[in-house]
Protein chains: 2
Amino acid sequence: MKKEIKIGLFGFGSVGRGLYDVLGAVEGKDIVIKRICVRNLNKDRGVVADFTDQADDIFGDPEINMIVELIDDAEAAYTIVRRSLEAHLPVVSGNKKMLAYHLPELIELGRQTSTPFLYDASACGSIPVIRNLEEYYDNDLLVSVKGILNGSSNFVLSKIFNENMTYDAALRLAQELGFAESDPSLDFDGWDSLFKLVILTIHAFGIYVEPEKIFRYGISSMNEADIRFAAEKQRRIKLVGHVEKSDDGGVYLWVVPQLISRDKYIYSVEDEFNGVVIKGRYYYKQFMFGRGAGGHPTGAAVLSDITACKYDYRYEYKRMNSASPVHHTNDVVYRIYYRYRTEEDATLIRFTKIRERYTSPEWSYIVGDVNLADLVAVKEQLAGKEIFLAAYPWD
Amino acid sequence: MKKEIKIGLFGFGSVGRGLYDVLGAVEGKDIVIKRICVRNLNKDRGVVADFTDQADDIFGDPEINMIVELIDDAEAAYTIVRRSLEAHLPVVSGNKKMLAYHLPELIELGRQTSTPFLYDASACGSIPVIRNLEEYYDNDLLVSVKGILNGSSNFVLSKIFNENMTYDAALRLAQELGFAESDPSLDFDGWDSLFKLVILTIHAFGIYVEPEKIFRYGISSMNEADIRFAAEKQRRIKLVGHVEKSDDGGVYLWVVPQLISRDKYIYSVEDEFNGVVIKGRYYYKQFMFGRGAGGHPTGAAVLSDITACKYDYRYEYKRMNSASPVHHTNDVVYRIYYRYRTEEDATLIRFTKIRERYTSPEWSYIVGDVNLADLVAVKEQLAGKEIFLAAYPWD
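Residues numbered from 1 in each chain as written. Chains lettered and ligands numbered in written order. Predicted model: local features only at pLDDT ≥ 70, side-chain atom pairs only at ≥ 80, totals over all residues. Heavy atoms only, no water.

Next up on the list: the overall build of chain A. Per the secondary structure count, chain A includes 14 helices and 16 strands. For chain A, whose C-alpha radius of gyration is 22 Å, the value lies close to the compact-globule estimate of 21 Å for 395 residues. Seen along its three principal axes, the alpha-carbon backbone of chain A occupies a region of about 70 × 50 × 35 Å. Evaluated residue by residue, chain A yields a buried proportion of 60% over its 395 residues. Considering only contacts in chain A between residues 6 or more positions apart, those separated by 24 or more positions represent 72%. The average position of the 47 basic charges and that of the 57 acidic charges among the side chains of chain A differ by 4 Å. (Helix = DSSP H or I, 4+ residues; strand = E, 2+ residues; numbered from the N terminus. Rg over C-alpha atoms; globule rule 2.2 N^0.38 Å. Buried < 20%, exposed > 50% of the residue type's maximum accessible area, 1.4 Å probe, protein only. Contact = heavy atoms within 4.5 Å. Lys, Arg positive; Asp, Glu negative; His and termini not counted. Charge placed at Lys NZ, Arg CZ, Asp CG, Glu CD.)

Here it is in C-alpha cells:
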C-alpha cells in the first residue's frame, strides 16, 4: 500500500468535478489531486486547482504516482492509459468506449508492466458490478448478466411508461436535465450500453467480443404503437444489455429493447437508475441497483477504484486465463416483436416461426422467432427505417 | 495462489451439503473436499465422502490446506476457527452467532498468525455485502446500512401482508418448508438479524458492538391489530437490521420491526429473500438483493470465500484501523408505534413526545418519539408481554 496518492487527473467534466468534490469530503488527506490536465485552460472551472493543458506536465511530475483519466475523447483516453502503463503508473479509467475497443491489449500491457489498471466506474457508475463479477462469482456457475446499463434512455422510457409522456417530450426533458450524452445516439441507439456490456462480458465470461460483432438496437425509432403493444401485454420496454451462456456452452450477447414483464427485477428500475441482474446456477439471482450516472455517484465510484489501486488491488481476469475458454456465438433463437410499415420492410427479418401477425394501413407487426445470427446479418439495414424491434422473452 | 485446495470441512447440514453440490458442478477440480467432520457418523448423508467424527483427523492431515466450518454449534465453531488460525490454516466460517461474539479476537488472531479468515457467507447468504462494504465503499462516505437480513421472518411477514395469512399459519408454513432455524427465536426474535448486523457493522464502520448492548426486538408478539395499523398507513412491517451514523458522528444500530412505506426498496423484498440498502454521501443508495438463505445459495457463497482464500484475499478492516474511529451511541430519537393492553404496560416506554394515542378495551397504541437509549434501558422488560413495537420512520 502506498502511503500517499498524488493523482494526475485528465479531464474535469462532470465526473472529474464529482471526484474533486467527493475527495474534498473525505477526511484522511492521503489521496490528493496534484494536477489536472484539461483541453481548454481558459474555461472557468469554479475551483482552485493546478490546471494545465499539457499532458507532459502530468507525466513529467515525479511526485504524481497515479493517473486518473476521465475524458470524453476515446482516442486521447487510449493514449493516456497506454502511456501510464508504459510508465508503470497505476491508472484508473472511466472511458467505456475506449475500453470496449482496447481492453485486451491494455490488459496485456498492464500484465507486462505489472501496473494496476482499474475501471469499475466505467460500467454502471456507482454499482460495483465488475468488482463483484471479478471477486464473487465463480467461473462455471455464472449463467447470465442482464441489465439496464444506460440511465438516459431508461429515464426516457420511464417517463413514457409511467407518465404517459411522448417520446419527444421525454427526450427533451432528459436533455434539459443534462442526463443525455452530448451525442444522443450513444444513449438512445444503445452504444453506451454496448460498450459497458463488452466490458462486463470480459469479467463475467472471460471473452472479449468486438462491439461491431454484437447485435445492437436502440429505442430511437420506438413510437406510440410500440408503447401500446407493450401496455396491452402488461409489459414495459426497457433497453437491456444482455450476455448469457447458450445451451452449447457458448456465450451470446446483445443490446436490445426488451418487453419486460412485471415480475422481473428490472421492470421496476426507473428513471436514470441502472439495475443489473446476475444469474448463477445455485446462486439463483442477484440484483444490484443504483445510480448509473451523474458526477457525484460516478466520482465516488472512481474514488473506490483509486482506493483499490492504493491497496494494490488488481483484477485477476480469472476467466480469461481459464483452461477451457468459452466462445462467442450468435446461434440462439429468441422471440421478438417487430413493427414495420411497408411490405418490403416486412421481409427484412427472417423469422423461423411466425406466432402473431397484425397488419393495418398505419402499422403492422409480427411476433415471431428469429435466430440472433440472422439479426446480426441484417443489422446495418435496420438503421434509419420506419421499423422497431424488441425482444419479447417468454417469461 | 495455492495450486490445489484440499478442504477439511466441519459440518454437513444444509449449507455443507450445498457446498458439496456446488463444488461438484464446478469444472476445474482444483478445490476438493478432502474430509468431512460430523457429529454423528451413523447418519446416512446420501453421498460418498470421507467422513470422520474426530477433529484431529482433519487437523492432523498434512494434505489439508484449508478449513471450512459450517456447523450450528457456536462454541464448537469458535474452537475450530481458533485452532485453524493457530495452525496457520486459512479458514472460512459461516457461523454468524460465533462471529458476532468472537470476531475482534479472531480478527486479531488472524492478523498475528497472518492467516486468511473469511466469512462473507455468514451474513446474507449469497449477497456479497461484506466484500462490498470492505472493498467498495470509502470510509467517510458511508451513511447507513439497512436491510432485511433474515429470510424466515421475512417469509412469514410476506405471507401475512400479501396473502392475508395469520401469523400462526404463516409460521407453520415456514416451518414446513424448512425455512425456520431449529430454534425459532433466532429468526423471529431478531437474534439472527442481530448477529449479522454486528458483523456488517465491523466492516461498514469499523466498530465492534457486543450483541447484548444493542436494542433487538422481533416479530413474535405481532398481532392482527399491528397488521391493521400498518395497512391503514399503507405500510408493511419488515424486520430490519439497521446501522447508521448519527448526527454527532457516532454510530447507532438496532434490530427492530419497521413500518416501511411503499417507495422504499425493502418494501418489495418478499418471501425468503434478503435485501440490503447501502447509503452513502454522493453514492446515493445501492440496493443489493438475493437469496439470503438455503443450502445451495449459501454453499455457492461459501465457495466464493474459498476461492477468495485461494487467491490470498483478506479483509483489510480499513475502518477498524482508521486513525479516527467512530463510537457507538444510542442517543438518537426515533418515532415508534407501540401497541399495548394494560395501563401498566403503557408506561413501560418513556416517550419524549406523544403524537397519536388510541385506546380501546381490546388494544391501545401510542405513536410517539423515543430515545433509543431509553429503549435499551427497558429491553429486558419488553419480552414476553402482550405488547408490540415497531419503528415508524418519517419517510
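With that settled, the discussion passes to the nonpolar core. One finds Ile306 of chain A together with Ile306 of chain B to be the most contacted residues of the largest nonpolar core, which totals 271 residues. Grouped together as the second largest cluster of nonpolar side chains are 20 residues, Phe273, Phe287 and Phe289 of chain A together with Phe287 of chain B included. (Core = buried A, V, L, I, M, F, W, Y, C linked by side-chain atoms within 4.5 Å.)

Next up on the list: the pairing of strand β2 (residues 31–37) of chain A. All names here are of chain A. Of the pairings in the sheet, the one linking strand β1 (residues 5–10) to β2 comprises six bridges and is parallel in character. What sits directly across from Ile5, in β2, is Ile31. Here two bridges tie β2 to strand β3 (residues 51–52), and the two strands are oriented parallel to one another. Directly across from Cys37, in β3, lies its bridge partner Thr52. (Pairing = 2+ DSSP bridges.)

Further remarks concern the sheet that holds strand β1 (residues 5–10) of chain B. Residues and elements named next belong to chain B. The strand order across the open sheet formed by six strands is β3-β2-β1-β4-β5-β6, and the pairing between neighbours is parallel. At either margin of the open sheet sits one strand with a lone partner, and together these are β3 (51–52) and β6 (117–118). Contacts from helix α1 (residues 14–25) reach β1, β2 (31–37) and β4 (66–69) within the one sheet, and its direction differs from that of β2 by about 150°. (Axes fitted to C-alpha atoms, helices over the stretch in contact; angles between N-to-C directions.)

This brings us to the relation of the copies chain B and chain A. The transformation that overlays chain B on chain A combines an axial shift of 0.0 Å with a rotation of 180°, and the residual RMSD is 0.0 Å. Interpreted geometrically, this transformation is the action of a two-fold axis. Rotation axis and chain B: the residue whose C-alpha lies nearest the axis is Met288 of chain B, separated from it by 2.4 Å. Looking at the interface residues of chain B, 100% of them are also at the interface in chain A, so both copies use one shared face. (Least-squares fit on C-alpha atoms with pLDDT ≥ 70 in both.)

Take the pattern of salt bridges next. Here the structure, examined in full by the defined rule, presents 58 salt bridges over all chains. With a closest N to O distance of 2.7 Å, Asp192 of chain A and Lys196 of chain A form a salt bridge. Residue Asp192 of chain A and its partner Lys196 of chain A are located together in helix α9 (residues 191–205), separated by four residues, close to a single helical turn. For the pair shown, Asp192 of chain A and Lys196 of chain A are each scored as buried. We note a salt bridge from Arg341 of chain B to Glu386 of chain B, for which the minimum N-O separation is 3.0 Å. Remark: Glu386 of chain B occurs in the loop between α13 (372–382) and β16 (388–391) and Arg341 of chain B occurs in the loop between β13 (333–340) and α12 (343–346); sequence separation between them is 45 residues. By relative accessible area, Arg341 of chain B is classed as partly exposed at 45%. Where salt bridges share partners, they join Lys6, Lys34, Asp61 and Glu63 of chain A into one cluster. (Salt bridge = Lys/Arg side-chain N within 4 Å of Asp/Glu carboxyl O.)

To continue, consider empty space enclosed by the protein. Applying the stated rule across the entire model yields one cavity of 30 Å³ or more. Estimates place the volume of the largest cavity at around 60 Å³. Every residue along the wall of the largest cavity is listed here: Pro128, Arg131, Asn132, Glu135 and Tyr136 of chain A together with Pro128, Arg131, Asn132, Glu135 and Tyr136 of chain B. Where the lining of the largest cavity is concerned, the elements lending two or more residues are α5 (129–136) of chain A together with α5 (129–136) of chain B. A breakdown of the residues in the lining of the largest cavity according to their chemical character gives four nonpolar, two polar and four charged. (1 Å grid on protein atoms, 1.4 Å probe; cavity = no way out; pocket = protein on both sides within 12 Å on 5 of 7 lines; lining within 4 Å. Points joined across faces, edges and corners; volume = space filled by probe spheres on them. Nonpolar A, V, L, I, M, F, W, Y, C, P; charged D, E, K, R; others polar.)

Attention now goes to the packing of aromatic side chains. Applying the stated criterion across every chain yields a total of 53 aromatic pairs over all chains. Ring centres 5.9 Å apart and planes at 40° place the aromatic pair Phe287 of chain A and Phe289 of chain A in the tilted group. Take Phe287 of chain A and Phe289 of chain A: they sit in the same class, and that class is buried. The side chain of Arg335 of chain A reaches across the aromatic face of Trp394 of chain A, ending 3.9 Å from its centre. Sitting over the ring of Tyr311 of chain A, Lys318 of chain B keeps its end group 4.4 Å from the ring centre. (Phe/Tyr/Trp six-rings, centres within 6.5 Å; stacked < 30°, edge-to-face > 60°. Lys NZ or Arg CZ within 6 Å of the ring centre and 35° of its normal.)

Before going further, it helps to spend a moment on the interface of chain B and chain A. Between chain B and chain A, the contact holds 44 residues from the first and 44 residues from the second. Taking both sides of the interface into account, the surface hidden between chain B and chain A amounts to around 3800 Å²; carbon and sulfur atoms contribute 54%. Together, Tyr136, Tyr282 and Phe289 of chain B form the three largest contributors to the area buried by chain B at its contact with chain A, with a combined 19%. Between chain B and chain A we count zero salt bridges in total. Our count for the contact surface shared by chain B and chain A stands at three residue pairs in polar contact (both at pLDDT 80 or more). Looking at the side of chain B that touches chain A, the elements with two or more residues in it are α1, α5, β12 (284–291) and α11 (295–310) of chain B. If you tally residues by element for the side of chain B that touches chain A, the top one is β12 of chain B, at eight residues. In the side of chain B that touches chain A, the residues fall into 22 nonpolar, 10 polar and 12 charged. Sheet analysis places strand β12 (residues 284–291) of chain A next to β12 of chain B, joined by three bridges and oriented antiparallel. (Buried area = accessible area lost by both parts, 1.4 Å probe. Polar contact = N/O pair within 3.5 Å; in protein donor to acceptor, adjacent residues only side chain to side chain.)

All names here are of chain B. Counting buried positions over the eight residues of strand β11 (residues 273–280) gives seven, a clear majority of the element. In this sheet, β11 lies alongside strand β7 (residues 142–148) in antiparallel orientation, the contact comprising six bridges. Among the inter-strand pairings, Ile148 is bridged to a residue of β11, identified as Gly275. With eight bridges connecting them, β11 and β12 associate as antiparallel partners. The residue of β12 that forms the bridge with Gly280 is Tyr284. The antiparallel hairpin formed by β11 and β12 contains three residues in its connecting segment, where Tyr282 sits at a positive phi of about 75°.

Read from one edge of the open sheet, six strands run β3-β2-β1-β4-β5-β6 (chain A), paired in parallel fashion. Strands with a single pairing partner mark the edges of an open sheet, and in this sheet they are β3 and β6 (117–118) of chain A.

All names here are of chain A. Applying the stated criterion to the full structure yields zero disulfides over all chains. Not engaged in a disulfide, the cysteine Cys37 finds its nearest cysteine sulfur in Cys309; these two sulfurs lie 19 Å apart. Residue classification places Cys37 among the buried positions, given a relative accessible area of 9%. Free cysteine: Cys124, not disulfide-bonded; nearest cysteine sulfur from Cys309 at 20 Å. By relative accessible area, Cys124 is classed as buried at 0%. (Disulfide = S-S within 2.5 Å.)

Take it as geometry only, folks, not as evidence of what the structure does.
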